[in-house]
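Residues per chain are reported as follows:
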Amino acid sequence: MGVPDKRVSLDEIVGEIRDGMTVGIGGWGSRRKPMAIVRALLRSDVKDLHLVSYGGPDVGLLCRAGKVRHISYAFVSLDSIPLEPHFRNARQSGAVTATELDEGMFLLGLQAAAWRLPYLPTRVGLGSDILAANPDLRTVECPYSGDTLVAMPALELDVALVHMHRGDQGGNGQYLNVDPYFDDLMCMAAKRRFMSVERIIPTEQFANEGPVQSLKISRLFVDGVVETPNGAHFTECPPDYARDEAFQREYAATAKSDEVWDEFRAKYLDVSESDYQLRVAS
Amino acid sequence: MTAAFTRAEQCCVAVAETFRGNGEILANPIGTIPMIGGRLAKATFAPEIVMTDGEACLIENVMPVGVADAERVVGAWNPYRAMFDIVWNGPRHVMMGATQIDRFGNQNIAMLGALDAPKVQLLGFRGAPGNTINNRTSYWVPSQSPKSFVAGVDVASGIGYDKAAALGQRAARFHCLPRVISNLGVFDFETPDGTMRLRSFHSGVTVDDITAATGFELVVPDDVGETRAPTEDELRWIRDVIDPNGMREQEVPNP
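Structural notes, computed from the coordinates. Keep in mind that what you see is a predicted model, and the values were worked out from it rather than measured.

## Re the overall build of chain A
Summing up its helical and strand segments, chain A has 11 helices and 11 strands in all. Computed over the C-alpha atoms, the radius of gyration of chain A is 19 Å, within 12% of the 19 Å expected from 2.2 N^0.38 for a compact globule of 282 residues. Counting only C-alpha atoms, chain A reaches 60 × 50 × 30 Å along its principal axes. Put simply, 76% of the contacts in chain A that link residues at least 6 apart link residues at least 24 apart.

Following this line, the structure appears as structure tokens:
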């Protein structure tokens, strides 16, 4: 078959991420997050990242580990636990600064970057404190109707990190749950694009897994692919697996004290991905 | 005759009434009692409305809440990206929560304190700016107090009638806040200056209870009455079909 071999290791992905970069993370809340890549980032000495995420525990973990300088977000939630405790602590202590966005503005920012446009116009943000929260955000006058609209700037990413169910070695990606989220836009909005998948399969086997509409990410927009079974854990990745609610509760409880966090970190984060998987399986 | 009912059940009916006469729209209530109320409306007097399964599908049957693997009749696929199509196109009435809401209907779910230095980080702006500028938005406050019904919100995530007026009629032409429903009563903004008005009080609640739980001057019409009681048929739908596990009573305990 004619697909190139773009398989990479987690360490190779992290090796491309430098201090201060803008990193987009796919998924939504505590759903299909590229957690194996996030864990590899946690083990690295990268810092001062600008995260762009429909945020979940990816944001909370990276904030708690001191990797984050700034976040562009519309929400950060664990879904079954509405508020992300580590993100809250990071915001309330002033450890990270934030660009406050509406969920739809966030989509438009990614879409603008994906289409190589400087901005996209929208009504969203008019009248709300989104404008007060973003002094750099500009409005434009429509040349046809004269309407004033918000000019949502492109959310240009240095790196995109996404997790899909299946992929081939060339970086074609297939999702098998009900929602593609915005992973494809994340990839198109980024200079370098990395995808983890539950399983790397031969391209011709995609058809056995799902309809052609499930082939949402083209290898045109992927630079590296890594197989990480259970790699979205503890976020959900149905139909392969549900969210690990017990583990998520254990994670959320680590916001209570440094001691509990240190214990969690030593057990689950200061270890390799394979050791992590052994520990969560036991 | 109406049967004995709980406060939560009356709240469900008040939510359902919010969607009466809306036409063929996506009724998109968020929260347990809002979801029950929306599905009650669809089951009874508003079969034309469309609802979500809480995930990425629009469903045509009346699904129960909190029941895993409940039967689902899918009419349309509606992943998040398609939801923005509906929001921006318009045929939707969302019911959101509000940590704070003020007399003009400005809503805050983002944070408490200052924008650049939150004392209490909440959800963020979520979809509130886009909802309120694009389609009908109602609110559900399960625990009304002067801390939730406030004189002024710390941050306006959803826009109220004062901010909509400042935008001008054309820019704000899709802005509409039909109702606010709390555990104590039903409210609207049908006043000359777009300030909040008591529309009805729930059974067992007095107007004084409500004004004491409100941190601003509420418009109280002389002829304000009780929220409509659930009918026998509605109670059957709520108890037997939509919320068989009684989740509603956890969200609003019976006084």
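## So, the environment of Met105 of chain A
All names here are of chain A. Here Met105 shows up in helix H5 (residues 103-114). In sequence terms Met105 and Pro121 are 16 residues apart; their C-alpha atoms lie 9.4 Å from each other. The residues touching Met105, leaving out its near neighbours within four places in the chain, are Thr122, Val124, Gly125 and Met152.

## Looking at the pairing of strand S4 (residues 97-100) of chain A
All names here are of chain A. Examined bridge by bridge, strand S3 (residues 68-73) and S4 share four bridges and lie parallel to one another. By the bridge assignment, His70 is partnered in S4 with Thr97. Read as a crossover between parallel neighbours, the route from S3 over helix H4 (residues 85-92) to S4 is right-handed.

## A few points about the nonpolar core
Ranked by size, the top nonpolar core spans 144 residues in total, and within it Leu62, Leu110, Leu157, Met186 and Ala189 of chain A together with Cys12 of chain B carry the most contacts. It is H5 of chain A that provides the largest number of residues to this core, a total of eight residues. No fewer than three residues from each of domain 1 (10-102 + 155-281) and domain 2 (119-153) of chain A sit in this core. Apart from the residues within four sequence positions on either side, Leu157 of chain A is in contact with Thr22, Val23, Gly24, Val52, Ala113, Met186, Ala189 and Ala190 of chain A.

## Details of the packing of helix H2 (residues 32-43) of chain B against helix H7 (residues 232-242) of chain B
Between two packed helices, what matters for the description is the angle formed by their axes and the separation of those axes. Residue and element names in this part refer to chain B. As a packed pair, H2 and H7 sit with axes 10 Å apart at the nearest point and diverge in direction by 120°. Put simply, H2 runs oblique to H7. In the crossing of H2 with H7, the sense of the turn from one axis to the other is right-handed. On H7, the residues touching Ile36, Arg39, Leu40 and Ala43 of H2 are Glu234, Trp237, Ile238 and Ile242. Looking at the contact of H2 with H7 residue by residue, the class counts come to six nonpolar, no polar and two charged.

## Focus on unusual backbone geometry
Residues apart from glycine generally show negative phi values, whereas peptide bonds are mostly found in trans. All names here are of chain A. Note the cis peptide between His233 and Phe234, where omega equals 10°. Here the bond from Pro238 into Pro239 is cis, since omega is 5°, no more than 30 degrees from zero. Backbone geometry places Asp79, a non-glycine residue, at a positive phi of 65°. Among the secondary structure elements, Asp79 is positioned in the loop between S3 and H4. With 17 C-beta atoms packed within 10 Å, Asp79 lands in the partly exposed category.

## So, the sheet that holds strand S5 (residues 119-122) of chain A
All names here are of chain A. Strands sit in the order S5-S7-S6 across an open sheet of three strands; the sheet is antiparallel. The outermost strands of the open sheet, each flanked by one partner alone, are S5 and strand S6 (138-141). Strand-to-strand twist across the sheet, computed as the mean angle between neighbouring axes with direction ignored, equals 40°. Across four bridges, S5 lies against strand S7 (residues 148-153) in antiparallel orientation. Bridged to Tyr119 within S7 is Pro153.

## Section: the environment of Gly224 of chain A
Residue and element names in this part refer to chain A. Position of Gly224 relative to the elements: it lies in strand S11 (residues 224-227). Here the alpha-carbon distance between Gly224 and Gly170, two residues 54 residues apart in the chain, equals 7.9 Å. Excluding its chain neighbours within four sequence positions, the residues that come into contact with Gly224 are Lys6, Val8, Glu12, Ile13 and Phe194.

Definitions and cut-offs
Residues numbered from 1 in each chain as written. Chains lettered and ligands numbered in written order. Predicted model: local features only at pLDDT ≥ 70, side-chain atom pairs only at ≥ 80, totals over all residues. Helix = DSSP H or I, 4+ residues; strand = E, 2+ residues; numbered from the N terminus. Rg over C-alpha atoms; globule rule 2.2 N^0.38 Å. Contact = placed C-beta atoms within 7 Å. Pairing = 2+ DSSP bridges. Right-handed = clockwise from strand over helix to strand, strands pointing away. Core = buried A, V, L, I, M, F, W, Y, C linked by C-beta atoms within 7 Å. Buried ≥ 20, exposed ≤ 12 C-beta atoms within 10 Å, placed from the backbone. Domains from an automatic or database assignment. Axes fitted to C-alpha atoms, helices over the stretch in contact; angles between N-to-C directions. Parallel < 35°, antiparallel > 145°, perpendicular 65-115°, else oblique. Left-handed = near helix turned anticlockwise from the far one by under 90°. Nonpolar A, V, L, I, M, F, W, Y, C, P; charged D, E, K, R; others polar.

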